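Spelled out, the chains give:
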Amino acid sequence: MSSTTRARKREWVDEVIAETPNGHRLRHCIQCGTCGGSCPNGAEMDYTPRAVFNLIVAGQKDKVLSSNTMWQCVSCYFCTARCPHQIPITDIMYTLKRMAIREGYGRTSDAPALAKAFTHYVDKYGRSFEMGLASRYHLLNRPLAAMKMGGMGFNMFKRGRMALTPSRIRQIDQLQAIIRKARQLGGAS
Amino acid sequence: MAERVGVYVCHCGSNIAGMVDCEAVARWAKENVSDVAVSRDYKFMCSSLGQAMIEEDIRKEGLTRVVVAACSPHLHEKTFRRACSNAGLNPYLMQMCNIREHVSWVAQERDPATEKAKSLISAAVARVKRQEPLEPMKVGVNPRTLVVGGGIAGLQATLELADAGYPVVLVERSPSIGGHMAQFDKTFPTLDCSACILTPKMSEAYQHENVTLYSYAELEEVSGSVGAFKVRIRKRARSVREDLCTGCGACIEKCPRKVVDNDFEVGLGYRKAIYMPFPQAVPKIPVIDRENCTWFQRGKCRVCEKMCQPGAIDYDQQDEIIELDVGNIILATGWKLFDCRKIPQYGYGRLANVFTNMEFERLCNAAGPTSGKIVLRDGKTEPRSVAIVHCVGSRDKNHNEHCSAVCCMAALKFGHLVLEKTGAEVYSFYIDMRTNQKMYEEFYCRLLEEGMHFIRGRVAEITDAARMPGEEGKLIIQCEDTLLGRQRRIPVDMVILMGALEPQADAKELGLKCGISCSMAGWYTERHPKLDPVATMTDGVFVAGACQGAKDIPAAVAQGAAAAARVMGMITKGTVEIEPVVASIDEEGCSGCRICNNMCPYNAIEYDAGRNVSRVITALCKGCGTCVAACPAGVITGSHFNNEQIGAEIEGILWDARAAAGRGAAAAV
Amino acid sequence: MKYAFYPGCSLEVNAAAYDVSVRAVARVLGVELVELDDWNCCGATEYFSQDELTACAVIARNLALVEPSMNQLTAPCAACFLNLKKVDRLMAEHPDLGGKINEALAAGGLHYDPGRVRVRHLLEVIHTDVGEEAIKAKVVRPLTGLRVAPYYGCQVVRPYKDVDDPEYPVKMDELFRWLGAEVVDYPVKSHCCGGHMTQISEPEAFELIRRLLQSALEYDTDVIACLCPMCQLNMDAYQSRVNGMFNTSFHIPVLYFTQLLGLALGVPEKDLGFGKEIVSAGPVIHAKLAAC
Ligand SMILES: Cc1cc2nc3c(=O)[nH]c(=O)nc-3n(C[C@H](O)[C@H](O)[C@H](O)COP(=O)(O)OP(=O)(O)OC[C@H]3O[C@@H](n4cnc5c(N)ncnc54)[C@H](O)[C@@H]3O)c2cc1C
Ligand code: SF4
Ligand code: SF4
Ligand code: SF4
Ligand code: SF4
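Residues numbered from 1 in each chain as written. Chains lettered and ligands numbered in written order. Predicted model: local features only at pLDDT ≥ 70, side-chain atom pairs only at ≥ 80, totals over all residues. Heavy atoms only, no water.

1. Some remarks on the overall build of chain C
- Within chain C one finds 13 helices and eight strands.
- Relative to the compact-globule value of 19 Å for 292 residues, chain C shows a C-alpha radius of gyration of 19 Å, a close match.
- Expressed as lengths along the three principal axes of its C-alpha atoms, the size of chain C is roughly 60 × 45 × 30 Å.
- Burial status across chain C gives 70% buried among its 292 residues.
- Counted over contacts in chain C with a minimum sequence separation of 6, partners at least 24 positions apart contribute 78%.
- When the accessible surface of chain C is split by element, carbon and sulfur atoms take 52% of a total near 9,100 Å².
- Treating the 26 positive side-chain charges of chain C as one cloud and the 37 negative ones as another, the clouds have centres 3 Å apart. (Helix = DSSP H or I, 4+ residues; strand = E, 2+ residues; numbered from the N terminus. Rg over C-alpha atoms; globule rule 2.2 N^0.38 Å. Buried < 20%, exposed > 50% of the residue type's maximum accessible area, 1.4 Å probe, protein only. Contact = heavy atoms within 4.5 Å. Areas by Shrake-Rupley, 256 points an atom, 1.4 Å probe, with all protein chains shown as cover. Lys, Arg positive; Asp, Glu negative; His and termini not counted. Charge placed at Lys NZ, Arg CZ, Asp CG, Glu CD.)

2. Thoughts on helix H3 (residues 49-57) of chain A
- Across the nine residues that make up H3 of chain A, a large majority, seven, are buried.
- Those residues of H3 of chain A that fall on the buried side of the exposure criterion are Pro49, Arg50, Ala51, Val52, Phe53, Leu55 and Ile56 of chain A.
- Of the surrounding elements, those touching the buried residues of H3 of chain A are helix H1 (12-18), helix H2 (34-38), helix H4 (61-65), helix H5 (69-72) and helix H7 (89-102) of chain A together with strand S25 (475-481) of chain B.
- Immediately beyond the C-terminal end of H3 of chain A, within one or two residues, lies Gly59 of chain A, with a positive phi of roughly 75°.

3. Details of helix H11 (residues 172-184) of chain A
- Here H11 of chain A is 13 residues long and its end C-alpha atoms lie 18 Å apart, about the 18 Å a rise of 1.5 Å per residue gives.
- Among all positions in H11 of chain A, only Ile172, Gln174, Leu175, Ala177, Ile178, Ile179 and Ala182 of chain A are buried.
- Buried residues in H11 of chain A make contact with helix H8 (111-125) of chain A together with helix H2 (46-50), helix H3 (52-65) and helix H5 (95-106) of chain C.
- Phi turns positive one or two residues past the end of H11 of chain A, at Gly186 of chain A, with a value near 130°. (Expected span 1.5 Å × (residues − 1).)

4. Quick look at the site of ligand 2
Residue and element names in this part refer to chain A.
- Around ligand 2 sit 13 residues, and of these Cys29, Cys32, Gly33, Cys35 and Cys83 come closest.
- At the level of elements, H2 and H3 are the ones that each hand at least two residues to the shell around ligand 2.
- Looking at side-chain class alone, the shell around ligand 2 contains nine nonpolar, three polar and one charged residues. (Near = heavy atom within 4 Å. Nonpolar A, V, L, I, M, F, W, Y, C, P; charged D, E, K, R; others polar.)

5. Overview of the domain arrangement of chain A
- Looking at the assigned domains, one finds that chain A contains domain 1 (3-108) and domain 2 (111-186).
- Distance from the C-alpha centre of domain 1 of chain A to the C-alpha centre of domain 2 of chain A: 28 Å. (Domains from an automatic or database assignment.)

6. What to know about a nonpolar patch on the surface
All names here are of chain B.
- A contiguous nonpolar surface patch, about 420 Å² in accessible area, is contributed by Phe641, Ile646, Ile650, Ile653 and Leu654.
- By the secondary structure assignment, Leu654 is in the loop between helix H18 (643-653) and helix H19 (655-668).
- Its relative accessible area of 44% is what places Leu654 among the partly exposed residues. (Patch = residues over 30% accessible without salt bridge, like charges linked within 9 Å, V, L, I, M, F, W, Y side chains within 5 Å. Salt bridge = Lys/Arg side-chain N within 4 Å of Asp/Glu carboxyl O.)

7. Brief notes about the domain arrangement of chain C
Residue and element names in this part refer to chain C.
- According to the domain assignment, chain C consists of domain 1 (2-121) and domain 2 (140-289).
- Across the contact, 26 residues belong to domain 1 and 24 residues belong to domain 2.
- Roughly 2,000 Å² is buried in total at the junction of domain 1 and domain 2, and carbon and sulfur atoms are behind 72% of that figure.
- Among the residues of domain 1 in contact with domain 2, Tyr18, Val25 and Leu82 are the three that bury the most area, contributing 23% of the side total.
- Counting across the domain 1 and domain 2 interface gives two salt bridges.
- The partner of Asp162 in a salt bridge is Lys85, and the shortest N-O contact between them spans 2.8 Å.
- Inspection of the domain 1/domain 2 interface yields five residue pairs in polar contact (both at pLDDT 80 or more).
- Broken down by secondary-structure element, the contributors of at least two residues to the side of domain 1 that touches domain 2 are helix H1 (16-29) and helix H4 (78-93).
- A total of ten residues in the side of domain 1 that touches domain 2 trace back to one element, the largest contributor, which is H1.
- Taken together, the residues that form the side of domain 1 that touches domain 2 break down as 17 nonpolar, five polar and four charged. (Buried area = accessible area lost by both parts, 1.4 Å probe. Polar contact = N/O pair within 3.5 Å; in protein donor to acceptor, adjacent residues only side chain to side chain.)

8. Focus on the sheet that holds strand S1 (residues 2-5) of chain C
All names here are of chain C.
- With parallel pairing, four strands are arranged side by side in an open sheet as S2-S1-S3-S4. Each edge of the open sheet carries a strand with a single partner, namely strand S2 (32-35) and strand S4 (118-121). Each adjacent strand pair in this sheet contributes to an overall mean axis angle of 40°, direction not counted.
- The sheet contact formed by S1 and strand S3 (residues 72-75) spans two bridges and is parallel. Each residue of the ladder has a partner; that of Phe5, found in S3, is Thr74.
- Most of the contacts of H4 go to S4, to which it runs at about 160°, and overall it touches S3 and S4. (Pairing = 2+ DSSP bridges. Axes fitted to C-alpha atoms, helices over the stretch in contact; angles between N-to-C directions.)

9. Thoughts on the packing of helix H12 (residues 407-422) of chain B against helix H13 (residues 440-450) of chain B
All names here are of chain B.
- Running from N to C, H12 and H13 point in directions that differ by 35°, and their axes come no closer than 10 Å. When the axes of H12 and H13 are compared, the crossing they make is left-handed. Across the interface between the two elements, Met409, Leu412, Lys413, Gly415, His416 and Leu419 of H12 pack against Tyr440, Phe443, Tyr444, Arg446, Leu447 and Glu450 of H13.
- Of the residues contributing to the contact of H12 with H13, the split by class is seven nonpolar, two polar and three charged. (Left-handed = near helix turned anticlockwise from the far one by under 90°.)

10. Notes on the pairing of strand S7 (residues 223-226) of chain C
Residue and element names in this part refer to chain C.
- Neither face of S7 is open: one carries Val223 and Ala225, the other Ile224 and Cys226, and all of them are buried.
- Note that strand S5 (residues 147-151) and S7 share four bridges and pair parallel. In the strand pairing of S7, Ala149 is matched with Ile224.
- Here S7 pairs with strand S8 (residues 254-256) via three bridges, running parallel. Following the sheet pairing, Ile224 is matched in S8 by Val254.

11. Comments concerning the nonpolar core
- In this structure, Ile56 and Leu96 of chain A together with Leu143, Phe176, Phe257 and Leu260 of chain C are the most contacted members of the largest nonpolar core, which totals 169 residues.
- Here the element with the most residues in this core is H3 of chain C; it accounts for ten residues.
- When neighbours within four sequence positions are excluded, Leu143 of chain C is seen to be in contact with Phe176, Leu179, Gly180, Ala181, Leu260, Leu263, Ala264 and Leu289 of chain C.
- Formed by 97 residues, the second largest nonpolar core is a distinct cluster that contains Val282, Val406, Tyr430 and Leu501 of chain B. (Core = buried A, V, L, I, M, F, W, Y, C linked by side-chain atoms within 4.5 Å.)

12. Considerations on the interface of chain C and chain B
- Across the contact, eleven residues belong to chain C and nine residues belong to chain B.
- Counting the contacts that link chain C with chain B gives zero salt bridges.
- Counting across the interface, chain C meets chain B through four residue pairs in polar contact (both at pLDDT 80 or more).
- By residue class, the composition of the side of chain C that touches chain B is four nonpolar, one polar and six charged.

13. A short note on the side chain of Lys86 of chain C
- Positionally, Lys86 of chain C belongs in helix H4.
- When its relative accessible area of 5% is taken as the criterion, Lys86 of chain C is described as buried.
- At a separation of 2.7 Å, a polar atom in the side chain of Lys86 of chain C contacts the side chain of Asp91 of chain A.
- Filtering out sequence-adjacent residues up to four positions away, Lys86 of chain C remains in contact with Tyr77, Asp91 and Tyr94 of chain A together with Tyr160 of chain C.

14. What about the sheet that holds strand S24 (residues 461-463) of chain B?
Residue and element names in this part refer to chain B.
- Across the sheet, which stays open at both edges, the three strands sit in the order S24-S25-S26 with antiparallel pairing between neighbours. Each end of this open sheet is capped by a strand with a single partner; those strands are S24 and strand S26 (486-492). Sheet twist, expressed as the average angle between the axes of neighbouring strands with direction ignored, equals 25°.
- Of the strand pairs in this sheet, S24 and S25 are connected by three bridges, and their pairing is antiparallel. Bridging across to S25, Thr463 finds its partner in Ile476.

Rendered as structure tokens:
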């Protein structure tokens, strides 16, 4: 078989595959729609996951990366567990998120901002920081929502479920060295 | 005297030549491999021109050995052996060397592939020089045939052979023959009544003077080989004497013990502890289900015995072992249904009104538990909407990768029956509509016309969790309508899951007994997927029907007939040649330790107590070599696979390592 | 029974009730939890959306911190559990990626051999390792009469299918049956709570939460038991806003399964973090459990 397969030109689908563990299975998609039917947010997506895979194979990068599909993904893994071809769909959604952020798409959703704010605190303290997230992400990106959240935040605070100061790890230097090295080894920033 | 070896390298079109430099290989063999007198490459060695070339060289060049480097011996060993015979060379002095499956098809690069081809040829030449002429053994073909499985495929095979005048032994595991077809109501695409076309064949087979039927029986053991198999059949105790029972059914009527029938009625109906699977069962003789019989479980009752006028009830009946000689075996053991519980998101077993396809067949059947009324699990409510879910456990790497081939058509059949009997809305949820046999696409069109709804999308889940108005109390089918690119939720009253056709649970075990293997999916492997679909790698063992792969009734029938025709061919010929590749024991050296006796998987070694030696029964030996390796005295030889031949083959394959070692030694000096 | 314990960021503050109840329950059941020294955040789903290799390295640091004397690590949070398990698996299945992760770890003087640590969710430890017999023997206050709806959510049961059935999990159901509770068998127990969607787009997130609460209500639930801080937060803290958006009147307390387990094992309520939930569980629990 391999002897008859000619080397093909590298296309966008190859990049998606290369960036996703077990991504080659994407080529086995039979367009059955199990993923699209299973997705809790499928109704809100510009394209269902199935449709996205068809677009990826068709090389429609711009359409895919400017869509809201991957940002609607909440990592419930229903699609992955049910796909009859064992395609790592959720992981492909992660790949698309990274590509969209990297290539300057992703302004259609607040999700990239949340992801950025979140990793910012992990990089800085080694722990996530909900109060910080709330202020940094919500106030910067969606002040209106932040106001609505106010009451809820107060309730949480009253029950001791919100802290004003971040928790930090002791060996933050070690973690940061690891992060620096990982970025250098090929991660995005 | 040195042998004169001819080497023939086949291009196989571009199959081999695309990856191996055949010309260079042939040239190399002539120049570098000792005793090679002739070496040629050719586009298609198996063509008549290729064969003629070999024959001519044998005659003109006086070749004493031949090596053909081409495809698998499975495909063309016979061809080239015949060519050698034609030219007067003993066919066992020809060796094939597989440079297609073992080299070109699996290699990525040309140079290493070419090198590997050289090594294999060098090995074949080294071995062939040590091969000895052998004479094939002739065995008479016993005209009696064993057919295992009395579904439509097995019945067809049985009747073809019996009608042609040959004796047939039909072994069926369940109490009646008929197979799955007996459970169906109508058959697609013609919608003729399944029982009406099946039962005549069942009784014909039963009454046929040439047929011996063992129902409620299983094949336990097979030995021997083509033409002369010995088989052992276990006929399970029915607790009813077949010679006395008249099939009146008085026992069944009066038996106080009622149990859920999980076999024929797939859990939808009841049967008694003494039962016949269905009214037209063949043979029309009941069987006592001992697990559920009050007498067997609690030592009380014996009502059936009192009711039985002819006195046929026999609680002490034992399993019976029957040993027979047969010439050929046809396996027609069919399929089993996928366990739909394995896909919990479809709710089978949890949501009452989710049915399997086999359950629905019984619901539709006029002789079934509801007398053919299509109703919900409560036994009375007619559904107003029905969803049919395709590909349940098929086309799914989590379960079965294969397409079950018949369920799209069965779904259309169901759609028609629901529309006809209830007028309910029917939705089919499919991935691809597979209707690719005669009159099948036309049947699809008919259902489109009749107003069945088709939604392209594999069902994601079936739930009773209502989300929107109109969903309360319904089963909701959630899916993506892939043609719209939108999620849809469709509330229905009844769901039918088109469960996959799977290989029988014991297919592998039964196959092993007969010396045949199964595909990855578990179906029996045919000799050639296109050109020899009913023969197997074991001579004298044939397969027919759904045990070879999911298929519809017409295809199963065609295979049944084809297998019978192949068997008739063997019987008419009268004798078969069997491979003379067998083991033999040098009685001089045998110490009579008998280790080999128990090792032989085919029971082909007997012990001669008088002379205190073991002896191989040539007719039973399959040349597997187990005893050769086991003999502590080393006095068993496997012809065609003796130590000298194998050793030479290994040395041949390592020719380059040897050459390199030689050079190394030279450099050191 | 000794396990390395990875609490995860949520348990420090927002899910403090989970934290105290896990530790209390572990003490009673004789499960020794050794907290991982200086553990760091698992990056939730967010880090993977940014940078896969770094996300893996950040997670792998925790695996590398597991003392050589221990070979099992347990996490109570579903997201932490999945991240830890996933990185271990990825490193085993994709040696290339594993090599890079170890190169990054080396910058911090660490190393991790995939497969060295078996990552377990706390539910497995309690249900499977401690087991039915030991738990039943320690029940002093059976939850008789309390209708508990076990909620599994997503990431404990998917994508890896070896913890429980990915579609219709049963381990928590069994646990609550051992405790004498009436287990609510409702259809959405492994459906999605919306995850981080509450932070991004409320209409979508609230609809998902509504579906869960709706089904729990239809099945006459006294209390939902969950096993992940995110699920608890979404169903509990957002419940009143969900009511606001859909004009519903849900009032279903959402507790951690360990809180109810602790109760059955006789741990005083105050040591189990009761009262930290926004929709108070006190009334229904006292009413139901006092009655018998
Ligand atoms: C829901 C449904 C509806 C269908 N409707 C149609 C239709 O309308 N038209 C159509 O063409 N096809 C239909 N099919 C396909 C049809 O069922 C098969 O084509 C047919 O059953 C194949 O016949 P068979 O004899 O190969 O196997 P089977 O019918 O499975 O018969 C095999 C027989 O072998 C016996 N057996 C098994 N193992 C052993 C053993 N170890 N020893 C002894 N005996 C054994 C079994 O008891 C059985 O009697 C339908 C299939 C399904 C699932
Ligand atoms: S479930 Fe799998 S095969 Fe089906 S459309 Fe989605 S990705 Fe493709
Ligand atoms: S993992 Fe993402 S894409 Fe897949 S079903 Fe869940 S939300 Fe949808
Ligand atoms: S002895 Fe058994 S089979 Fe006979 S009537 Fe009684 S229960 Fe039925
Ligand atoms: S025949 Fe149709 S329903 Fe059956 S597995 Fe194939 S595609 Fe699916």
